[in-house]
Amino acid sequence: MCRNIRILYNFEPPTTDDEIRSAAVQYVRKVSGMQKPSRANEAAFEQAVGEISATTARLLQSLVTTAPPRDREAEAERRRARALERFG
């Protein structure tokens with residue numbers, strides 16, 4: 001899994017459309033092997049990003065949990081600590 005894709009579910013404040021789109025872009029980049037598509041592939045790339053964004057938004061809206069919402073700062077701190085441990 002791509003390390004740049006973050007957990008988007010169960011946050012307070014809720015996940016934004018921009019965060020969902022960023023995750024979709026990372027996913028499409030990963031599976032296509034393209035950082036930036038050529039002009040010939042740009043339409044297909046954008047269509048895939050749009051479809052994945054919409055599907056992700058529907059998924060996040062339909063999930064149910066009894067767990068308290070995650071704190072964005074606490075999650076970011078955990079990622080920073082793991083990165084520091086991993087890369088020094």
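*Asks:* Please explain the pattern of salt bridges as it appears in this structure.
*Replies:* Two side chains bearing opposite charge may form a pair once their charged atoms approach each other closely. Summed over all chains, the structure comprises five salt bridges. A salt bridge links Arg21 to Glu46; the shortest N-O distance between them is 2.8 Å. Of this pair, Arg21 sits in helix α1 (residues 17-32) while Glu46 is found in helix α2 (residues 42-62), placing the two residues 25 residues apart along the sequence. Where salt bridges share partners, they join Glu73, Glu77 and Arg80 into one cluster.

*Asks:* Please clarify how helix α3 (residues 72-87) should be interpreted in this entry.
*Replies:* Residues spaced three or four apart along an α-helix face the same direction, because each turn holds 3.6 residues. Along its 16 residues, α3 runs 22 Å from first to last C-alpha, staying within 8% of the 22 Å computed at 1.5 Å per residue. Taking the backbone nitrogen of Glu73 as reference, a side-chain oxygen 3.0 Å away marks Asp71 as the first, capping residue of α3. Where α3 terminates, the next one or two residues include Gly88, which has phi positive at roughly 80°.

*Asks:* Would you mind going over the packing of α1 against α2 with me for this structure?
*Replies:* Between two packed helices, what matters for the description is the angle formed by their axes and the separation of those axes. At a closest axis distance of 8 Å, the pairing of α1 and α2 adopts a crossing angle of 130°. Compared by their axis directions, α1 and α2 come out oblique. Handedness of the crossing formed by α1 with α2: right-handed. Across the interface between the two elements, Ile20, Arg21, Ala24, Val25, Tyr27, Val28, Arg29 and Ser32 of α1 pack against Phe45, Glu46, Ala48, Val49, Ile52, Ser53, Thr56, Ala57 and Leu60 of α2. Across the contact of α1 with α2, the residue classes tally to 11 nonpolar, three polar and three charged.

Cut-off values and rules
Residues numbered from 1 in each chain as written. Predicted model: local features only at pLDDT ≥ 70, side-chain atom pairs only at ≥ 80, totals over all residues. Heavy atoms only, no water. Salt bridge = Lys/Arg side-chain N within 4 Å of Asp/Glu carboxyl O. Helix = DSSP H or I, 4+ residues; strand = E, 2+ residues; numbered from the N terminus. Expected span 1.5 Å × (residues − 1). Polar contact = N/O pair within 3.5 Å; in protein donor to acceptor, adjacent residues only side chain to side chain. Axes fitted to C-alpha atoms, helices over the stretch in contact; angles between N-to-C directions. Parallel < 35°, antiparallel > 145°, perpendicular 65-115°, else oblique. Left-handed = near helix turned anticlockwise from the far one by under 90°. Contact = heavy atoms within 4.5 Å. Nonpolar A, V, L, I, M, F, W, Y, C, P; charged D, E, K, R; others polar.

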